[in-house]
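Per-entry structural report
Residue-level listing of the chains:
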Amino acid sequence: MKLYTSARAPNPRRVAMFIAEKGLTGIEPVQIDIGAGQHRSAEYLALNPFGRVPALELDDGRVLCETRAICSWLEGYAPEPNLMGEGFDERAFIEMTDRRVELHLFLGAANCIRHTHPGLAALEQPQFPDYGAAQAEKMRETARWLDATLAGQPFVAGQRFTIADITAFCALEFARGLMKFRPGQEGLAHLQAWRDRIAERPSAGALG
């Protein structure tokens, strides 16, 4: 298998962290240089017509795209340790939480950065700075919700580490780098403490 990825980009980092938590080996990483526009090359668009990373090329030649879909495939391929839920009930609640974090924390940070950071102007044309600033506040609203959630439980989706923690951690690290967002500096002590605990996991060093 080949994983088309891009170092430090947030969605590839989610998959890299998921793979690291699974302890999977034998998946060949293929770096796609987004800054150089390699994701828009004819060769890559033949694999993923949307020109996004990551993409997982399976041994049979099929290409699976979209971060959550790739993680779902990997969960079935390597069921342990379980990261997406045992049985329909736990799976549904983990997916609910993961989707909330993805749509309101992760994408809020991504939209803010893509529309306000000059370094991403080449990737996001046109940029809408007012939209980006509004998304930053939406992201902070979700961060406050997550801080309150983590006041009563050790992990994002409940009592154990799951894919929802991976999504939230990668979102915060992306915001940390390009938005200079530090939960602890904004009074979100529970979220900061959780982030610091997750950062100690070996998988936190997987960068795509």
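Note that the structure is predicted; figures quoted are calculated from it, not measured.

1. Notes on the overall build of the protein chain
Helices and strands together make up the secondary structure of the protein chain, namely seven helices and four strands. The globule rule puts the C-alpha radius of gyration for 208 residues at 17 Å, and the 17 Å found for the protein chain is close to it. For the protein chain, the C-alpha atoms occupy an extent of roughly 45 × 45 × 30 Å along the three principal directions. Split into buried and exposed, the 208 residues of the protein chain put 48% on the buried side. Considering only residue pairs separated by 6 or more positions, the protein chain has 67% of its internal contacts joining residues 24 or more positions apart. For the protein chain, the accessible surface area stands at approximately 10200 Å², while carbon and sulfur atoms represent 54% of it. Across the protein chain, the mean location of the 23 positive side-chain charges is 4 Å away from that of the 26 negative side-chain charges.

2. Side note on the sheet that holds strand β4 (residues 63–65)
Pairing is mixed in the open sheet, where four strands are placed in the order β2-β1-β3-β4. Both outer strands of the open sheet, β2 (28–31) and β4, are each paired with one neighbouring strand and no more. With strand direction ignored, the average angle separating the axes of adjacent strands in the sheet is 25 degrees. Relative to strand β3 (residues 55–57), strand β1 (residues 2–5) is paired through three bridges, and the arrangement is antiparallel. What sits directly across from Lys 2, in β3, is Glu 57.

The rules behind each value
- Residues numbered from 1 in each chain as written.
- Predicted model: local features only at pLDDT ≥ 70, side-chain atom pairs only at ≥ 80, totals over all residues.
- Heavy atoms only, no water.
- Helix = DSSP H or I, 4+ residues; strand = E, 2+ residues; numbered from the N terminus.
- Rg over C-alpha atoms; globule rule 2.2 N^0.38 Å.
- Buried < 20%, exposed > 50% of the residue type's maximum accessible area, 1.4 Å probe, protein only.
- Contact = heavy atoms within 4.5 Å.
- Areas by Shrake-Rupley, 256 points an atom, 1.4 Å probe, with all protein chains shown as cover.
- Lys, Arg positive; Asp, Glu negative; His and termini not counted.
- Charge placed at Lys NZ, Arg CZ, Asp CG, Glu CD.
- Pairing = 2+ DSSP bridges.
- Axes fitted to C-alpha atoms, helices over the stretch in contact; angles between N-to-C directions.

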